[in-house]
Amino acid sequence: MERWDRVGRCAGYGAALAMSPYLLIKVSWVVGSLLGLVPIGEGFNLAGWVFLNTVTIGMAGIGITLALALVQPWGMRIPRWLVAFCTWTGAGFLVSILPYAVLSTVLDAGRGGATNSGGDDSAMPGWEGALIQFSFVGMGLGLALALPAYLRRRWPEAFTVRVGDGSRAAVPWAAVVAAVVGLTWAYWAVGGTLGVAHPAQRDTNGYLLTGVGALWALVGSAAVWMLARQRPTRWSHRLLLTLGWLGSGSLFAWSGWKLPLTLFVALAHPNDVTLPENLAVAAVLHSAAVVAGVGMLRSLVGSRPRTPTGTCPTSLPH
């Protein structure tokens, strides 16, 4: 077994192990709140608190299963479309958030304090927040190493082609939409207020999170554009494919998570929840981001650059 494959397998097991504290904490919150032993989060009633944390328990379980699938023999037998979708969404959620985790930690240390890392309850003990942060960062780093190793084992042809070996194609519309969304988020991240209904609700972490989302939208858009144009470049096909994969996954996963919340706030008008952005503008942007993410993935799947031997393997699984 080559060194890169060994690193990927260790990372997969590490990712599953890192996500375990988050899963256990969420289970304790649900059980404890039902038994009256743990207070529910601020702004929630019991039913809403249990529902939200049950959903995140399911997501954590899927994440652990996915990490193990990347290293276990049975993972090679999972249907292609299923493993592609799960890894795409999981990487979009967790790998793309790593810059935010690093920057927010540095800023927190500079301020001499800590913020709520989990984003679930401002009153959680510090050790729980630290474990949740560890789970997210550990899972993200593990997927970042285990996923390329898995893809290389299952679809080695995607790692042997070069940019510029195929025929030139039109720029995908999804890359253009992603660029527009990314530029809008970048404008908000640097302090722009057009389309922001409640500027006072924004804080440093909010600016960072918006900026990281903008970064991945723009990086993914550029990568898909370069792959579609098929012009020779110093950027390797593998790197562009990875950036397009992460950028499109980030758009789909995070906006797919935020869109229902935005619609809920817009329709239900809860008194204890106020989003900084104009709700109509935010809903349009999140909808566009989800559609762009899917469109960019279709462009990546449909690209067929030729290898030097003249064969035309697909870049990603159908």
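Parameters and conventions
- Residues numbered from 1 in each chain as written.
- Predicted model: local features only at pLDDT ≥ 70, side-chain atom pairs only at ≥ 80, totals over all residues.
- Heavy atoms only, no water.
- Axes fitted to C-alpha atoms, helices over the stretch in contact; angles between N-to-C directions.
- Helix = DSSP H or I, 4+ residues; strand = E, 2+ residues; numbered from the N terminus.
- Parallel < 35°, antiparallel > 145°, perpendicular 65-115°, else oblique.
- Left-handed = near helix turned anticlockwise from the far one by under 90°.
- Contact = heavy atoms within 4.5 Å.
- Nonpolar A, V, L, I, M, F, W, Y, C, P; charged D, E, K, R; others polar.
- Core = buried A, V, L, I, M, F, W, Y, C linked by side-chain atoms within 4.5 Å.
- Buried < 20%, exposed > 50% of the residue type's maximum accessible area, 1.4 Å probe, protein only.
- pLDDT = per-residue confidence, 0-100.
- Patch = residues over 30% accessible without salt bridge, like charges linked within 9 Å, V, L, I, M, F, W, Y side chains within 5 Å.
- Areas by Shrake-Rupley, 256 points an atom, 1.4 Å probe, with all protein chains shown as cover.
- Salt bridge = Lys/Arg side-chain N within 4 Å of Asp/Glu carboxyl O.
- Expected span 1.5 Å × (residues − 1).
- Arc of directions from axis to C-beta.
- Polar contact = N/O pair within 3.5 Å; in protein donor to acceptor, adjacent residues only side chain to side chain.

(A) Local environment of the packing of helix α6 (residues 173–189) against helix α7 (residues 204–229). Their axes nearest at 8 Å, the elements α6 and α7 cross at an angle of 155 degrees. Considered as vectors, α6 and α7 are oriented roughly antiparallel to each other. Of the two elements, α6 crosses α7, and the hand of that crossing is left-handed. Contacts between α6 and α7 involve Ala175, Val176, Ala178, Ala179, Gly182, Leu183, Trp185, Ala186, Trp188 and Ala189 on the former and, on the latter, Tyr207, Thr210, Gly211, Gly213, Ala214, Ala217, Leu218, Ser221 and Val224. The residue inventory of the contact of α6 with α7, partitioned by class, reads 14 nonpolar, five polar and no charged.

(B) Fine view of the nonpolar core. Ranked by size, the top nonpolar core spans 65 residues in total, and within it Met19, Leu70, Met139, Leu143, Trp185, Trp245 and Leu251 carry the most contacts. Residues within four places of Met139 in sequence aside, it is in contact with Ala15, Ala16, Ala18, Met19, Gly63, Ile64, Ala67 and Leu94.

(C) The arrangement of the confidence of the model for the protein in detail. Per-residue confidence for the protein gives a mean pLDDT of 82, with 83% of residues at or over 70. Averaged pLDDT values over the elements of the protein bottom out at 76 in helix α4 (residues 98–111) and peak at 96 in α6. Across residues 114–122 the pLDDT falls below 50, and counting only partners more than four positions away or on other chains, this stretch makes 17 contacts in the model. Below a pLDDT of 50 lies the segment residues 305–318, which in the model reaches 45 contacts outside its immediate sequence neighbourhood of four places, other chains included.

(D) Spatial organisation of a nonpolar patch on the surface. Taken together, the side chains of Val27, Val31, Leu35 and Leu37 make up a nonpolar region of the molecular surface, amounting to roughly 380 Å² of accessible area. For Val27, the position within the fold is in helix α1 (residues 3–34). Exposure remark for Val27: the relative accessible area of 33% places this residue in the partly exposed category.

(E) Inspection of α6 at higher detail. The end-to-end C-alpha distance of α6 is 24 Å, a good match for the 24 Å that 17 residues give at a rise of 1.5 Å each. Of all the positions in α6, only Ala174, Ala175, Ala178, Val181, Gly182, Trp185 and Trp188 are classed as buried. Each buried residue of α6 lies within a common arc of 140 degrees when the element is viewed along its axis, so the set occupies one face. Opposite the buried face of α6, at more than 90 degrees from it, the exposed residues are Trp173 and Leu183. Note on α6: the residue one or two positions beyond its end, Gly191, has a positive phi of about 110 degrees.

(F) Structural context of the pattern of salt bridges. Under the counting rule described, the total for this entry stands at two salt bridges. Arg9 is paired through a salt bridge with Asp5; the nearest N and O atoms lie 3.2 Å apart. Here Asp5 and Arg9 lie together in helix α1, a separation of four residues that amounts to about one turn. Judged by relative accessible area, which is 23%, Arg9 ranks as partly exposed. A salt bridge links Arg153 to Asp5; the shortest N-O distance between them is 2.5 Å. With Arg153 in helix α5 (residues 126–154) and Asp5 in helix α1, this residue pair connects regions lying 148 residues apart in the sequence. Its relative accessible area of 24% is what places Arg153 among the partly exposed residues. Taking relative accessible area as the criterion, Asp5 reaches 11% and is therefore assigned buried. Each of Asp5, Arg9 and Arg153 takes part in one network of salt bridges that share partners.

(G) Summary view of the environment of Asn278. Examined against the element boundaries, Asn278 turns out to sit in the loop between α8 (237–268) and α9 (279–302). Look at Asn278 and you get partly exposed, because its relative accessible area is 30%. C-alpha separation for the pair Asn278 and Leu194, spaced 84 residues apart in sequence, amounts to 9.1 Å. Setting aside its immediate chain neighbours within four residues, Asn278 contacts Gly195, Val196 and Ala197. Of the polar contacts made by the side chain of Asn278, one reaches the backbone nitrogen of Val281; its length is 3.1 Å.

(H) The side chain of Ser255, seen in detail. Looking at the secondary structure, you find Ser255 in helix α8. Separated by 3.1 Å, the side chains of Ser255 and His286 make a polar contact. Beyond its immediate chain neighbours, meaning those up to four positions away, Ser255 contacts Trp185, Ser250, Pro260, His286, Ala289 and Val290.

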